[in-house]
Amino acid sequence: MDDPLDDPLDGDVDEALALANDNRGGFTAATGTATTAATSARADGAAAAAPGPRRTPGDFRSPAPGGTTAAADEHHHATSWPTARRTAHQAGRHAAQHRATARQAPADEQLPLVDDLLTTLSDSGALPRGAARLPLDRALGLILAAPLTALTDLPSFDTSAMDGWVVAGPGPWDVREKGILAGHKEPARLADGEAAPVATGARIPPDTTAVIRSEHGRLDDKGQLHPLRDVAHGQDIRPRGQECRSGDLLLPTGSLVTPAVLGLAAAAGYDELVVVPRPKAEVLVLGDELLTSGLPRDGLIRDALGPMLPHWLRALGVEVTAVRRIGDDAKALLKAVRGSKADLVVTTGGTASGPVDHVHPTLRALDADLLVDGVKVRPGHPMLLARIADGRHLVGLPGNPLAAVSGLLTLAEPLLRALSGRPQEEEPYGAPLQSSVQGHPHDTRLVPVVLRQDSGSGHEWAVPLHYNGPAMLRGIAAADGLAVVPPGGANEGQEVEILDLPWSAGPGVGPGLNSPGNEGCFT
């Protein structure tokens, strides 16, 4: 039996890593931009006259617009936080377009993309490019790839809005013995002066005058029905098509499928919905120092990101296909990234330039497009975003837990939002700070906060939390969101942008999760 470690691809992997590491000296640690004598001359104030050296297959391609720029100082090459978010969203849009063209239907069934969203169904029922048709119970949380139009009138026949009696003509009315229940075929027509007991939702007989509620009528000794108040023609009858007519637009393309949307779709006659497929992600946990159980010991620490990231990604609407522990093995990392079929690969740690930081050599070996390499944000400065193939990306998160959360919200969330068909948020949500927050001189800070309503004014305040260091999770575990603190800091009462956490207002959050007394420690 062959040794499973004797992989025929290992030779290729070794060669690619060797080439990548040979090229490392010709690139700045952060951008992969060629470092030449001309570059050195520019650093000394001299004009650069000579072009850089010829690029090899292991080199990075030029960063995309909005990405990083070459610089000798590591801080100054980093991308600003707002630009990094825009770059990630743009990368997601491009990935969505590629996925749409890659999943092509037969040529005569293809439909064009409209306004970066998947367009409508044709009369023939052909799927939009890149869309999927899923049963209702699998469509929750996805985005409509085609408009939701009514397949029937709602209601599809005249129905009773109340329990009571259906009546025809003026009263008093003789009451039929047999009542009318929901779910039965059209009942026999009533003659003038005739009534019948009726249940809510039951089909109304032809030429019915009105429905009298149970509490608005009485029966005399002879079994005749008398109204207790005036009877208006058509009262308490839901006429056919009251909510919509067949063919009416119920929801446009791009709408989020919520539980209410599922109910509306079912009522309108749908068994399936045409949606943007859920993106797929794979998580690669790096680091030989990580334990998966027990207490920290002998220089080893518990892995916090392996348990956290898959569920965070699922909360963002992603299908997590695998969580793999790679350790500090450069060869295993390259094989894992090269072999992944996911739309997004998320790595933890290894994004700096230390002796066991293998993410950059891996990207060089894959000839990846480095779109963002370092962001001017704290925590999380060494995060990165790369295009590893057409339509596929890698987000490299720092190894510290809160820094990794910062990377998720800065790079992964905007990319996945666009890839899922969700629009970019035009108006960020803001709240004033209840107390001042110290800032970084040059970088944006992301600080965990809880949101509290002032009992007097009714205004909502963002209350900064303690334990907001890059390696800490105690603050974010109690938080409602992250406050975006600009370089230089923010004063008490200053309004700042708030990044919502995917579960902060979502289903499954029990009452009192962030209520007073369970909110961690405040700054």
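Residues numbered from 1 in each chain as written. Predicted model: local features only at pLDDT ≥ 70, side-chain atom pairs only at ≥ 80, totals over all residues. Heavy atoms only, no water.

Here we look at the overall build of the protein chain
- Along the backbone of the protein chain there are 10 helices and 30 strands.
- The buried share among the 523 residues of the protein chain stands at 46%.
- Pairs at least 24 apart in sequence give 69% of the contacts found in the protein chain among residues at least 6 apart.
- By element, 51% of the accessible surface of the protein chain is carried by carbon and sulfur atoms, the whole surface being about 25,600 Å². (Helix = DSSP H or I, 4+ residues; strand = E, 2+ residues; numbered from the N terminus. Buried < 20%, exposed > 50% of the residue type's maximum accessible area, 1.4 Å probe, protein only. Contact = heavy atoms within 4.5 Å. Areas by Shrake-Rupley, 256 points an atom, 1.4 Å probe, with all protein chains shown as cover.)

Let's talk about the environment of G169
- Relative to the helices and strands, G169 resides in the loop between β8 (164-168) and β9 (173-175).
- Apart from the residues within four sequence positions on either side, G169 is in contact with D192, G193 and T209.

A look at the nonpolar core
- Counting 45 residues, the largest nonpolar core has W312, L313 and L385 as its most contacted members.
- A total of nine residues in this core trace back to one element, the largest contributor, which is helix α9 (residues 401-419).
- When sequence neighbours within four positions are dropped, the list of residues in contact with L385 reads A88, A91, D369, L370, L371, V372, H393, L394, V395, L411 and L415. (Core = buried A, V, L, I, M, F, W, Y, C linked by side-chain atoms within 4.5 Å.)

Concerning the sheet that holds strand β16 (residues 272-276)
- Taken in spatial order, the three strands of this open sheet run β4-β16-β5, and their pairing is antiparallel. Pairing within the sheet leaves two strands with one partner each, and these edge strands are β4 (132-135) and β5 (143-144).
- Where β4 and β16 come together, four bridges link them in antiparallel fashion. Note that in β16 the partner of L134 across the bridge is L273. (Pairing = 2+ DSSP bridges.)

A short note on the pattern of salt bridges
- A complete count under the given rule lists 13 salt bridges for this structure.
- A salt bridge links E319 to K280; the nearest nitrogen and oxygen atoms lie 3.6 Å apart. Of this pair, E319 sits in strand β20 (residues 319-327) while K280 sits in strand β17 (residues 280-286), placing them 39 residues apart in sequence.
- With relative accessibility at 36%, the residue E319 sits in the partly exposed group.
- Linking D443 and R378 is a salt bridge whose minimum nitrogen-to-oxygen distance equals 2.7 Å. Highlighted residues: D443 in the loop between β26 (430-432) and β27 (444-453) and R378 in strand β23 (residues 375-378), separated in sequence by 65 residues.
- A relative accessible area of 0% means that D443 is categorised as buried.
- Salt bridges sharing partners connect three or more residues here, namely R85, E413 and R417. (Salt bridge = Lys/Arg side-chain N within 4 Å of Asp/Glu carboxyl O.)

Notes on the sheet that holds strand β21 (residues 344-348)
- Within the open sheet, the six strands sit side by side as β20-β17-β21-β25-β24-β22. Their pairing is mixed. Since the sheet does not close on itself, it has two edges, and those belong to β20 and β22 (369-373), each with one partner. On average, each strand axis in the sheet is inclined to that of its neighbour by 20 degrees, with strand direction left out of account.
- In the sheet, β17 pairs with β21 via five bridges, with the strands oriented parallel. If you follow A281 over to β21, its bridge partner there is L344.
- Across the sheet, helix α4 (residues 81-102) is in contact with β22, β24 (384-389) and β25 (392-397); its angle to β22 comes to roughly 150 degrees.
- Lying over the sheet, helix α6 (residues 305-315) contacts β17, β20, β21 and β25, oriented at roughly 160 degrees with respect to β20. (Axes fitted to C-alpha atoms, helices over the stretch in contact; angles between N-to-C directions.)

Points about the confidence of the model for the protein chain
- When pLDDT is averaged across the protein chain, the result is 81; 77% of the residues are at 70 or more.
- In this model, residues 1-6 is a region of pLDDT below 50 whose contacts with residues beyond four sequence positions or in other chains number one contact.
- When the criterion is pLDDT under 50, residues 506-523 qualifies, and its contacts beyond four places in sequence or with other chains add up to 30 contacts. (pLDDT = per-residue confidence, 0-100.)

Some thoughts on the side chain of S340
- Position of S340 relative to the elements: it lies in the loop between α7 (330-339) and β21.
- Within polar-contact distance, the side chain of S340 engages the backbone nitrogen of A342 at 3.2 Å. (Polar contact = N/O pair within 3.5 Å; in protein donor to acceptor, adjacent residues only side chain to side chain.)

Here's the deal with the packing of α6 against α9
- Remark: α6 packs on α9, axes separated minimally by 12 Å, with the N-to-C direction vectors making an angle of 25 degrees. If you check the angle between α6 and α9, you find them roughly parallel. When the axes of α6 and α9 are compared, the crossing they make is right-handed. Counting all contacts with α6, which are made through L305, M308, L309, W312 and L313, the residues of α9 involved are P401, A404, V405, L408, L409 and L416.
- A per-class count over the contact of α6 with α9 returns 11 nonpolar, no polar and no charged. (Parallel < 35°, antiparallel > 145°, perpendicular 65-115°, else oblique. Left-handed = near helix turned anticlockwise from the far one by under 90°. Nonpolar A, V, L, I, M, F, W, Y, C, P; charged D, E, K, R; others polar.)

Re α9
- Counted at 1.5 Å a residue, the expected span for α9 with its 19 residues is 27 Å, and the 25 Å between its end C-alpha atoms agrees.
- Considering bend angle alone, the principal kink of α9 is centred on A412 and spans about 40 degrees; proline P414 follows within four residues of it.
- Most of α9 is tucked away: 19 of the 19 residues are buried.
- A positive phi of about 90 degrees marks G421, the residue just after α9. (Expected span 1.5 Å × (residues − 1). Bend = angle between axes of the 7 residues up to and from the residue.)

Here's the deal with the packing of α4 against α9
- Two numbers describe how α4 lies on α9: the axes approach to 7 Å, and their chain directions differ by 30 degrees. On the basis of their axis angle, the class for α4 and α9 is roughly parallel. For α4 against α9, the interelement crossing comes out right-handed. Residues W81, A84, R85, A88, H89, A91, G92, R93, A95, A96 and R99 of α4 lie in contact with α9, whose contacting residues are L409, T410, L411, E413, P414, L415, A418 and L419.
- Tallied by class, residues from the contact of α4 with α9 come to 12 nonpolar, three polar and four charged.

Topic: the environment of L408
- The residue L408 is located in helix α9 in this model.
- Given a relative accessible area of 0%, L408 falls into the buried group.
- Taking the C-alpha atoms as reference, L408 lies 7.3 Å from L397; in sequence the two are 11 residues apart.
- Setting aside its immediate chain neighbours within four residues, L408 contacts L309, W312, L313, L397, E413 and P414.

With respect to the pairing of β25
- Buried residues dominate β25, accounting for six of its six residues.
- Because side chains alternate across β25, one face comprises the buried residues R392, L394 and G396, and the other comprises H393, V395 and L397, equally buried.
- With five bridges connecting them, β21 and β25 associate as parallel partners. Bridge pairing in β25 links L344 to H393.

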